[in-house]
Amino acid sequence: MQSDYMSAWDISKGIAEKKFSAVEIVESHIKRIKERDGEIGAFLTLCEDEALAQAREVDEKISGGRPVGRLAGVPAAIKDNMCTDGIRTTCASKMLEDFIPPYNATVVERLLDEDAVIIGKTNMDEFAMGSSTENSAFRITKNPRDITRVPGGSSGGSAAAVAADMVPVTLGSDTGGSIRQPAAFCGVVGLKPTYGLVSRYGLIAFGSSLDQIGPFSKTVLDSALMLEAIQGKDERDSTSYRGEYQKSYTDSLGKDIKGMRIAVPKEFFMDGLDDEIAASVQESIKCFEGLGAKVDEISLPAAGDGLSAYYIISSAEASSNLARYDGIRYGYRAKDYTNIDELMEMSRSEAFGTEVKRRIMLGTYALSSGYYDEYYNRAQKFRKVLKGQFEDVFRSYDLILGPTSPVLPFKIGERNSDPLQMYLADVYTIIVNLVGVPAISIPCGRSTEGLPVGLQLIGPHYGELRILQAAHAFEQEIKLEL
Ligand code: GLN
């Protein structure tokens, strides 16, 4: 699947230089999606007509000598939990099966402002709850590297679409690892920016204190390019960062990383970590040392306890966010009911899937009077401790390095019936969301079976540039063909 791949960077340059047209690019990508997606299942909606119309507009701008954006003619796909004006946005749930938003999420608006072409909406775990994309109400997505395996989740469709060269870039959302873990499983780059750096206006909320939107791509350069396009202050998102934004990331890639201080928490190498992943990460450490970085083992004692705090907090927030789906205002409505209570009960029972119901029950319980202190408050206190430990590390180090996932991509159906096993796939990623810092997953090797291994680099708040520089230097050094 390598031969016809072109990066977003090369596409936009080529279009601006009139080497090919946006329509040609979009047509060839639509053709590829039609050929490949029957097998992979990355898309829920393809917007062929809209995409071609957008491409024509880009071509007209160019032939008219008007300026074009930095993503001119680049086909991009969006996880189906971000609102797209006039295009079905389902969250992979029966609840929103027919929902057509009357507006664009800010990130979609920003991509359009840069002349990107929105080609479709990608599959995901229902309401972004899951680690395998098997919780979609509509279809499963297969891992393009081995179609008997899951692509990870919850942004599995966005990761698989990039891995299968159906589009060079996509957007995903990450509440506890949903960009980084599928990026690791599919052998692509996935970046979760700092909480607040990218607007979440128009993102259908899961855990509001954790959710963040970010890009998938095959190269670090493309993720940097996407971040430049989507970041920025937004009046419509009250958590939007109000400070100075880094103007360009792409300009500063390629700088050497001599003297960069990297911390490796020993807690990341605990029981449950796959041996081949551990070996790949050790190799990567050597590579960073070869590039002139100074790597030390450190301790992040709270790292191992993040999972329980995350599931309390994210489920509590989800139970509140999902209360709006009552069968009345919008979304699915049950056919048979005799009174309003029954209408709400039946609509929610019929339209939410098992995992979503499990989270609502867990969250409602954790927030109920009498248990609030014992669960929710305790989890919040833990979050503070964890934040403190990260701050301590970043006082002496530029980055934290470790595996993205403790396990290799597992077989479809393998962990489905055991939620705890599924939750464990996020043990290294969720702590990052609890603290709100940025992190990237980049391919760092392959298992003996040829499955991709992901490396996670975590930075301090607003440390995206540092992360991207280190990831880029590493990528250029190892030159992994995936
Ligand atoms: N897999 C985690 C969960 O199920 C993370 C999901 C996400 O980041 N959206 O909650």
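Data block above holds the structure.
Rules and cut-offs
- Residues numbered from 1 in each chain as written.
- Predicted model: local features only at pLDDT ≥ 70, side-chain atom pairs only at ≥ 80, totals over all residues.
- Heavy atoms only, no water.
- Helix = DSSP H or I, 4+ residues; strand = E, 2+ residues; numbered from the N terminus.
- Polar contact = N/O pair within 3.5 Å; in protein donor to acceptor, adjacent residues only side chain to side chain.
- Contact = heavy atoms within 4.5 Å.
- 1 Å grid on protein atoms, 1.4 Å probe; cavity = no way out; pocket = protein on both sides within 12 Å on 5 of 7 lines; lining within 4 Å.
- Points joined across faces, edges and corners; volume = space filled by probe spheres on them.
- Nonpolar A, V, L, I, M, F, W, Y, C, P; charged D, E, K, R; others polar.
- Near = heavy atom within 4 Å.
- Areas by Shrake-Rupley, 256 points an atom, 1.4 Å probe, with all protein chains shown as cover.
- Sits in = over half its atoms within 2 Å of the grid points.
- Patch = residues over 30% accessible without salt bridge, like charges linked within 9 Å, V, L, I, M, F, W, Y side chains within 5 Å.
- Salt bridge = Lys/Arg side-chain N within 4 Å of Asp/Glu carboxyl O.
- Buried < 20%, exposed > 50% of the residue type's maximum accessible area, 1.4 Å probe, protein only.
- Core = buried A, V, L, I, M, F, W, Y, C linked by side-chain atoms within 4.5 Å.

Asks: I'd like to hear about the side chain of D326, residue by residue, with values.
Replies: Mapped onto the elements of the fold, D326 is located in the loop between α9 (306-321) and α10 (340-351). Of the polar contacts made by the side chain of D326, one reaches the backbone nitrogen of I328; its length is 2.9 Å. Engagement of the side chain of D326 in a polar contact is seen with the side chain of R329, the distance being 3.0 Å. Once residues within four sequence positions are removed from consideration, D326 is found in contact with L343, M344 and S347.

Asks: Now, about the environment of A55: what can you tell me, with residues and values included?
Replies: Inspection of the secondary structure puts A55 in helix α3 (residues 48-63). Put simply, A55 and E27 are 28 residues apart on the chain and 9.3 Å apart in space, counted from C-alpha to C-alpha. Contacts of A55, omitting those with residues within four sequence positions, involve A22, V23, V26 and V117.

Asks: Account for empty space enclosed by the protein, naming residues and giving values.
Replies: According to the stated counting rule, one finds two cavities of 30 Å³ or more in the structure shown. If you add up the space inside the largest cavity, you get close to 80 Å³. Every residue lining the largest cavity is counted, 14 residues in all, and those nearest its centre are A128, G130, S178, Y310 and D426. Classifying every residue of the lining of the largest cavity by side-chain character gives five nonpolar, seven polar and two charged.

Asks: Please provide a residue-by-residue account of the site of the ligand, values included.
Replies: Near the ligand you find 15 residues, and of these G176, S178, Y310, R359 and D426 are the closest. Y310 has a polar side-chain atom sitting 2.7 Å from an oxygen atom of the ligand. When the ligand sits alone it has 290 Å² of accessible area, and the protein chains cover 100% of it. The cavity where the ligand resides is the largest cavity. Looking at the shell around the ligand residue by residue, the class counts come to five nonpolar, seven polar and three charged.

Asks: Can you lay out a nonpolar patch on the surface for me, pointing to particular residues and giving the numbers?
Replies: Where nonpolar side chains cluster on the molecular surface, the patch consists of I328, I340 and M344 and spans about 230 Å² of accessible area. The class of M344 is partly exposed, set by a relative accessible area of 30%.

Asks: Tell me about the nonpolar core, residues and numbers included.
Replies: With 150 residues, the main nonpolar core has L111, F127, F288, F390 and L457 as its most contacted residues. The biggest single contributor to this core is α9, with eight residues. Apart from the residues within four sequence positions on either side, L457 is in contact with F288, I400, L401, P438, A439, I440, I442, I467, A470 and A471. By size, the runner-up hydrophobic cluster in this structure holds eight residues, among which are V162, A163, A183 and C186.

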